[in-house]
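Examining the three-dimensional arrangement
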Amino acid sequence: MAATHARRPGDRRDQILDAAAEAFGRRGFDGVTVAELAESVGVTAPALYRHFGAKDQILSAVTTGTLDRLVVVAESHIGVDGLDQLTRDLTTEVLDRPWQVVAYLRERHRWAADTTRPTQREVELFGAIDQVIDRAVAGLTAGDRRCRMIAMVGVLRGVAERAPRLSRPAADAFIADAVTAVLRAAPVRAINPGRLHPSNAATWRLPPSPRERILAAALPLFRSRGFDGVGIGEIGDHAGVGASNVSRYFGSKEEVLVDIYDRVGARVEVAVDDAVASASDADHALQNLLEAYTEVAFGAADLVVVVSENRGALPRSEIARLRRRDRRVADIWRGVIAALRPELRPVETTTVVAGVIALVNSFPRHEPDALPDPSAVVPLARAFVGAG
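Here goes a summary of the coordinates provided. No experiment lies behind these values; they were computed from the predicted model shown. What you see as residue numbers is a count from 1 along each chain, following the sequence as written. Only residues with pLDDT of at least 70 get local features here, since the model is predicted, and only at 80 or more are side-chain atom pairs given and counted; chain-wide, interface and lining totals rely on the full set of residues. As a rule here, side-chain values cover all heavy atoms of the structure and leave hydrogens and water aside.

Strands are runs of DSSP state E lasting at least 2 residues, helices are runs of H or I lasting at least 4, and numbering of each runs from the N terminus. Assigned secondary structure in the protein chain consists of 17 helices and zero strands. Sorting the 388 residues of the protein chain into buried and exposed places 48% on the buried side. For accessible areas, the Shrake-Rupley method is used with a probe of radius 1.4 Å. Any residue's cover is judged against the shown protein chains and nothing else. Counting every atom, the protein chain has about 18600 Å² of accessible surface; 52% of that belongs to carbon and sulfur. Think of it in three bands: residues with accessible area under 20% of the maximum for their type are buried, residues over 50% are exposed, and the middle band is partly exposed, with areas taken using a 1.4 Å probe on protein chains only.

This is how it looks when you write it as structure tokens:
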């Protein structure tokens, strides 16, 4: 019989951090209990507390460890012409530990406003990346570089959340090359400040119904604290309808979330259909798609962020229906990109679609005052697709 060895404390700690990273990445910090984490690694809650005194300490350890590794990668390329290798090494780090990166990005709002060590390490990380970009790409302003870093983070988060079906290391090279194209894209100054297609300002709006007020109140709460961090009564109070009256309009908090998904899904579906219907060729279709989707993302930032962050909270009874719509939209994107780049294999086309949508979605996660004009994002997305 083979000898058995007890798991060393350090191994158990790493096991807890790996399990917590995936749980936080999939369901959010508030959607996971210590008891669930303990069960996932085969220990009791009291045993887990011997390694970490509280759940927030686990998140801090996940975040700090992730940032420490990324900083080492980024700083190793300062002072050399290493942009291509930097994107390759960052992509490899993300694909090696995808859920650690997703958990850090999803929950960074919990510590980003203070002066904790994670905040300082994040400054060091993006400061190092900024230096590498500045050395490699001439003519970019600080704002241009920041815009490219936001796009890069969006792509890497997107591929971390939806692991590419490409085999590795081919996936590393394929994704890194596309990210490098984004970072090297020539700057394009905003043509129509504020919107790609300005429209006449509305002179009258239908007064919001109680149902609309509930949705409007739920969106910023879900965005700032996650679905599991908000109570249905709290939503009612913020909406001005009263905690006890929400059930007159929604049977549960999950119904509120489903309504949010339906609304953003309908906006995206209409925008995508119109974009393709009005195109003269595949390149025109891509341009229309990118402009239309960017306008939706920038114009409904709370909707887009809540949808992308809370998929795991959807009721099972609704998932199949919502996925059918998502698949239909994704099929349109795949068809356009396949027509533009016929040399890509289907799995590569799917990876490009996931990455370009994640690239655009990364911008609404930032404060409105810090956002670039949407017209500056479209060229970066075209560069990622390979149609710059």
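More follows now that the structure is in view.
The next point concerns helix α5 (residues 83–96). Expected helix span is computed as 1.5 Å times (number of residues minus one). Over its 14 residues, α5 runs 20 Å from end to end, which matches the ideal 20 Å to within 8%, given 1.5 Å per residue. What α5 keeps buried is the set Leu-83, Leu-86, Thr-87, Leu-90, Thr-91, Glu-93, Val-94 and Leu-95.

Detection works on a 1 Å grid of protein atoms alone, calling trapped sets that fit a 1.4 Å probe cavities and calling open sets with protein on both sides within 12 Å along at least five of seven lines pockets, with lining residues defined by an atom within 4 Å of a point. Grid points are joined across faces, edges and corners, and a volume is the space filled by probe spheres set on the points. Size it by volume and the largest pocket reaches roughly 1700 Å³. For the largest pocket, the lining is made up of 44 residues, of which Arg-162, Arg-311, Arg-323, Asp-326 and Ala-354 are closest to its centre. Elements with a contribution of two residues or more to the lining of the largest pocket: α1 (9–27), α6 (98–107), α8 (142–161), α12 (253–277), α14 (301–309), α15 (316–340) and α16 (346–361). Take the lining of the largest pocket: its biggest share by element is ten residues, from α15.

Attention shifts here to the nonpolar core. Definition of nonpolar core: a set of buried residues of the types Ala, Val, Leu, Ile, Met, Phe, Trp, Tyr and Cys, connected through side-chain atoms within 4.5 Å. Residues Phe-24, Ile-58, Ile-129, Phe-222, Ile-260, Trp-333 and Leu-359 are the most contacted members of the largest nonpolar core, which totals 122 residues. Counting residues per element, this core draws most heavily on α12, at ten residues. Between two residues, a contact is recorded if the distance between any of their heavy atoms is within 4.5 Å. Sequence-distant contacts of Ile-260, that is, excluding residues within four places in its chain, are made with Leu-215, Leu-219, Phe-222, Leu-303, Val-306 and Val-307.

Just to be clear on terms, a salt bridge is a Lys or Arg side-chain nitrogen sitting within 4 Å of an Asp or Glu carboxyl oxygen. Taken as a whole and judged by the stated rule, the model has 33 salt bridges. With its nearest N and O atoms 3.2 Å apart, the salt bridge here joins Asp-84 to Arg-184. Taken together, the residues Asp-84 in helix α5 and Arg-184 in the loop between α9 (170–183) and α10 (210–225) connect sequence positions 100 residues apart. Assessed through its relative accessible area of 45%, Asp-84 is described here as partly exposed. On the basis of relative accessible area, Arg-184 is assigned to the partly exposed category, the value being 39%. Between Asp-172 and Arg-168 there is a salt bridge; the shortest N-O distance is 2.8 Å.

Turning next to the packing of aromatic side chains. Any two aromatic rings considered together are summarised by their centre-to-centre distance and by the angle between their planes. Put simply, two rings from Phe, Tyr or Trp (the six-membered ring, in Trp's case) pair if the centres are within 6.5 Å, and we call them stacked under 30 degrees between planes, edge-to-face over 60, tilted for the rest. This structure, assessed with the given rule, holds four aromatic pairs. Look at Phe-24 and Phe-29: their rings are 5.4 Å apart centre to centre, the planes differ by 50 degrees, and that puts the pair in the tilted class. Take Phe-24 and Phe-29: they sit in the same class, and that class is buried. Of note, Lys-55 hangs over the ring of Phe-29, and the distance from its end group to the ring centre comes to 4.2 Å. Consider the ring centre and the ring normal. A charge sits over the ring if Lys NZ or Arg CZ is within 6 Å of that centre and within 35 degrees of that normal. Between Lys-253 and the ring centre of Phe-227, over which it is positioned, the NZ or CZ distance is 4.2 Å.

As for its placement among the helices and strands, Glu-36 is situated in helix α2 (residues 34–40). Residues Glu-36 and Ala-20 lie 16 residues apart in sequence; the distance between their C-alpha atoms is 9.4 Å. Throughout this description, a polar contact denotes any pair of N or O atoms lying within 3.5 Å of each other; where both atoms belong to protein, one of them has to be capable of donating a hydrogen while the other can accept it, and for residues adjacent in sequence the pair is counted only when both atoms sit in side chains. Among the polar contacts listed, one links the side chain of Glu-36 to the backbone nitrogen of Thr-33, at a separation of 3.0 Å.

This part covers the side chain of Glu-107. Here Glu-107 is to be found in helix α6. Here Glu-107 is in contact with Phe-24, Gly-28, Phe-29 and Leu-59, once residues within four sequence places are set aside.

The subject of this paragraph is unusual backbone geometry. Geometrically, the link from Arg-168 to Pro-169 is a cis peptide bond, its omega value of 10 degrees lying close to zero. The residue Pro-169 is located in the loop between α8 and α9 in this model.

Before going further, it helps to examine empty space enclosed by the protein. Tallied over the full model, the rule gives one cavity of 30 Å³ or more. Size it by volume and the largest cavity reaches roughly 130 Å³. Put simply, the parts of the chain that give the lining of the largest cavity at least two residues each are α5, α6, α7 (117–136) and α8. If one sorts the elements of the lining of the largest cavity by residue count, α8 sits on top with four residues.

None of this, on its own, says anything about what the molecule does.
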